[in-house]
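Spelled out, the chains give:
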Amino acid sequence: MPRPGQVKSPSGERLSDRIALGVLTRAFPPELVDEVIAECGRAEQRHRLLPARVVVYFVLAMCLFSGQGYEEVARLLTHGLERMGRWKGTWRVPTTAAIGRARLRLGPEPLKALFTRVCHPVATEETSGSWYRGWRLVAVDGTTFDLPDSEANAAFFGRPGVSRGQEKSAYPQARVAVLVECGTHAVFAAEAGPLAVHETELAQRLFSSLTPGMLLLADRGFRGFDLWRATAATGADLLWRVKSDAVLPVRTLLEDGSYLSEIVAARDKNRRADPIRVRVIEYALGRDGSGTVYRLITTILDPKAAPATSLAALYAQRWEIESTLDEIKTHQGGPRLVLRSQHPRGVEQEIFAFLLVHHALRDLMHQAARQADQDPDRISFTRALRIIRRHVTDQAAFSPLPNGPGPDSGPA
């Protein structure tokens, strides 16, 4: 008799030998998952009910079927087994407690390593809406995720500021910063940390993913001489909005209405001994020019390479990162999303799983758009998400067991 939570067919095959994952295994092949598991020291010597490979895919499925309980996610993954004749007899899915222990054994490292391996910009030269005159359009921004109100989460991540007489806010929050390819909504770099860590500090850890030929868009929250200099040193070009009270002296007026100026560190505002030259574009929204005034600074100093009117229009692409975060948190995660992990390492694991699943969806949508010769923005994310959820539960395929033994990662 199998022990509680253990699943066997009459032939002695475990549930973990066959599991339905559909689109997720296309984006994250089992061989690649095994590689990152081994790199992170999570490979196992003995056979488990929930080996590390299965747990990786379970966490991904958990973030695809957000809102479903642990055991229901397991049922969804195995939905096609009986119907397709790949499983006979009575079986029970692993218990919630067993799955929770398996997640703790796995930790966040394999999910982060998988993100680094897989999540890159996906636009080709033909991808509509992804380029401006040879620059790949990317954006940076930050967001927060609500977390379960556990002592461990509150101690590590912290809570937002209180208001209206509350002694404490409802949920702890994790802060996340991301880099997104504007034309495809593909997240290709991410960092998570406590709420007390400013998004610009997290963003600095992302900028190694920037390359020459990218044009990075950012809002007024990303400010400061040192941040600008460090980001520009990557070779990417920058187009950032600055506050209306920023000191930007006019050095040279240009024919397109923009002007050359310079920025300095706050510590050097009087001597101005170490300036960086920038180009400034100022414009107002509204038909009569009486709307909100925008001030942009850019590393592109030649107006012939990028006229001021083009850059002003281009800055609107920054909102694509807002849409991307909404896709992840509201549509993929569900309204009023609260992550399910009670421990900080589980929170980080879950955040990167959400980002991995989103990237898999967006990559598939990009390929569909290419085949139909469409802009990826014209494909509904919500509809694609529904189709992919159905597709996962309609397939039963690979063996999640690794090919060879590795060091034991601990008791079950």
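Our structure is the block above this text.
### Description of the overall build of the chain
Part 1 of the argument: A tally of helices and strands in the chain yields 14 helices and 10 strands.
Part 2 of the argument: The buried share among the 412 residues of the chain stands at 54%.

### Section: the packing of aromatic side chains
Aromatic ring pairs are defined here through the distance separating the ring centres and the angle between the ring planes.
Part 1 of the argument: Under the criterion given, the structure shown has seven aromatic pairs.
Part 2 of the argument: Ring geometry for Phe 156 against Phe 157: centres 4.8 Å apart, planes inclined by 80°, an arrangement best described as edge-to-face.
Part 3 of the argument: We classify Phe 157 as buried; its relative accessible area is 5%.
Part 4 of the argument: On the basis of an interplanar angle of 65° and a centroid distance of 6.3 Å, the ring pair of Tyr 294 and Tyr 315 is categorised as edge-to-face.

### A look at the pattern of salt bridges
Part 1 of the argument: Per the counting criterion, the structure on display carries 17 salt bridges.
Part 2 of the argument: In this structure, Asp 256 engages Arg 279 in a salt bridge whose closest nitrogen and oxygen atoms are separated by 2.7 Å. Residue Asp 256 is found in the loop between β7 (252–253) and β8 (259–263), and its partner Arg 279 is found in strand β9 (residues 276–284); the two are separated by 23 residues along the sequence.
Part 3 of the argument: The partly exposed category is assigned to Asp 256, whose relative accessible area is 24%.
Part 4 of the argument: For Arg 279, a relative accessible area of 0% puts it in the buried group.

### Comments concerning the nonpolar core
Part 1 of the argument: Counting residues in hydrophobic clusters, the biggest one holds 89 residues, and the most contacted among them are Phe 28, Leu 60, Leu 64, Leu 114 and Ile 351.
Part 2 of the argument: If you tally residues by element for this core, the top one is helix α3 (residues 52–64), at 12 residues.
Part 3 of the argument: If we ignore the near neighbours within four places in the chain, the residues touching Leu 114 are Phe 28, Leu 32, Val 33, Val 36, Val 56 and Leu 356.
Part 4 of the argument: If you look at the next biggest cluster of nonpolar residues, it comprises 31 residues, including Met 214, Phe 225, Ile 263 and Val 280.

### As for the packing of helix α2 (residues 30–39) against helix α7 (residues 109–118)
Part 1 of the argument: Viewed as axis vectors pointing N to C, α2 and α7 meet at an angle of 125°, and their least axial separation amounts to 9 Å. As judged from the angle between their axes, α2 and α7 are oblique. When the axes of α2 and α7 are compared, the crossing they make is right-handed. In this structure, α2 contributes Leu 32, Val 33, Glu 35, Val 36 and Glu 39 to the contact, and α7 contributes Pro 110, Ala 113, Leu 114, Arg 117 and Val 118.
Part 2 of the argument: A breakdown of the residues in the contact of α2 with α7 according to their chemical character gives seven nonpolar, no polar and three charged.

### What to know about helix α4 (residues 70–77)
Part 1 of the argument: If you check which residues of α4 are buried, you get Tyr 70, Val 73, Ala 74, Leu 76 and Leu 77. Buried positions in α4, seen along its axis, are confined to an arc of 160° and lie on one side of it.

### Re the environment of Ala 308
Part 1 of the argument: Following the sequence through the fold, Ala 308 ends up in helix α11 (residues 308–314).
Part 2 of the argument: Looking at Ala 308, the relative accessible area reads 7%, which means it is buried.
Part 3 of the argument: Apart from residues lying up to four places away in sequence, Ala 308 is in contact with Asp 256, Ser 258, Arg 279 and Ile 281.

### A word on helix α13 (residues 344–372)
Part 1 of the argument: A rise of 1.5 Å per residue sets the reference length of α13, with its 29 residues, at 42 Å; its end C-alpha atoms lie 42 Å apart and thus fit the reference within 8%.
Part 2 of the argument: Of all 29 residues in α13, 21 are buried, a share of seventy percent or more.
Part 3 of the argument: Asp 373 sits one or two positions beyond α13 and adopts a positive phi of about 55°.

### Some thoughts on the side chain of Asp 219
Part 1 of the argument: The residue Asp 219 is located in the loop between β5 (214–218) and α10 (225–232) in this model.
Part 2 of the argument: A polar side-chain atom of Asp 219 sits 2.9 Å from the main-chain amide nitrogen of Gly 221.
Part 3 of the argument: Ignoring sequence-local partners within four residues, the contact set of Asp 219 consists of Asp 141, Arg 241, Tyr 315 and Arg 318.

### Here we look at the pairing of β5
Side-chain direction in a regular strand flips from residue to residue, so the side chains alternate between the two faces of the sheet.
Part 1 of the argument: Burial analysis of β5 places five of its five residues in the buried class, the great majority of the element.
Part 2 of the argument: On β5, burial covers both faces: Met 214, Leu 216 and Ala 218 on one face and Leu 215 and Leu 217 on the other are all buried.
Part 3 of the argument: Looking at chain direction, strand β2 (residues 135–146) and β5 are connected through four bridges and run parallel. Within β5, the position partnered with Ala 139 by the bridge is Leu 217.
Part 4 of the argument: Pairing between β5 and strand β6 (residues 237–242): four bridges, direction parallel. The partner of Ala 218 across the bridge, within β6, is Trp 240.
Part 5 of the argument: With respect to chirality, the unit in which β5 leads through α10 into the neighbouring parallel β6 is right-handed.

Reading the values: rules and limits
Residues numbered from 1 in each chain as written. Predicted model: local features only at pLDDT ≥ 70, side-chain atom pairs only at ≥ 80, totals over all residues. Heavy atoms only, no water. Helix = DSSP H or I, 4+ residues; strand = E, 2+ residues; numbered from the N terminus. Buried < 20%, exposed > 50% of the residue type's maximum accessible area, 1.4 Å probe, protein only. Phe/Tyr/Trp six-rings, centres within 6.5 Å; stacked < 30°, edge-to-face > 60°. Salt bridge = Lys/Arg side-chain N within 4 Å of Asp/Glu carboxyl O. Core = buried A, V, L, I, M, F, W, Y, C linked by side-chain atoms within 4.5 Å. Contact = heavy atoms within 4.5 Å. Axes fitted to C-alpha atoms, helices over the stretch in contact; angles between N-to-C directions. Parallel < 35°, antiparallel > 145°, perpendicular 65-115°, else oblique. Left-handed = near helix turned anticlockwise from the far one by under 90°. Nonpolar A, V, L, I, M, F, W, Y, C, P; charged D, E, K, R; others polar. Arc of directions from axis to C-beta. Expected span 1.5 Å × (residues − 1). Polar contact = N/O pair within 3.5 Å; in protein donor to acceptor, adjacent residues only side chain to side chain. Pairing = 2+ DSSP bridges. Right-handed = clockwise from strand over helix to strand, strands pointing away.

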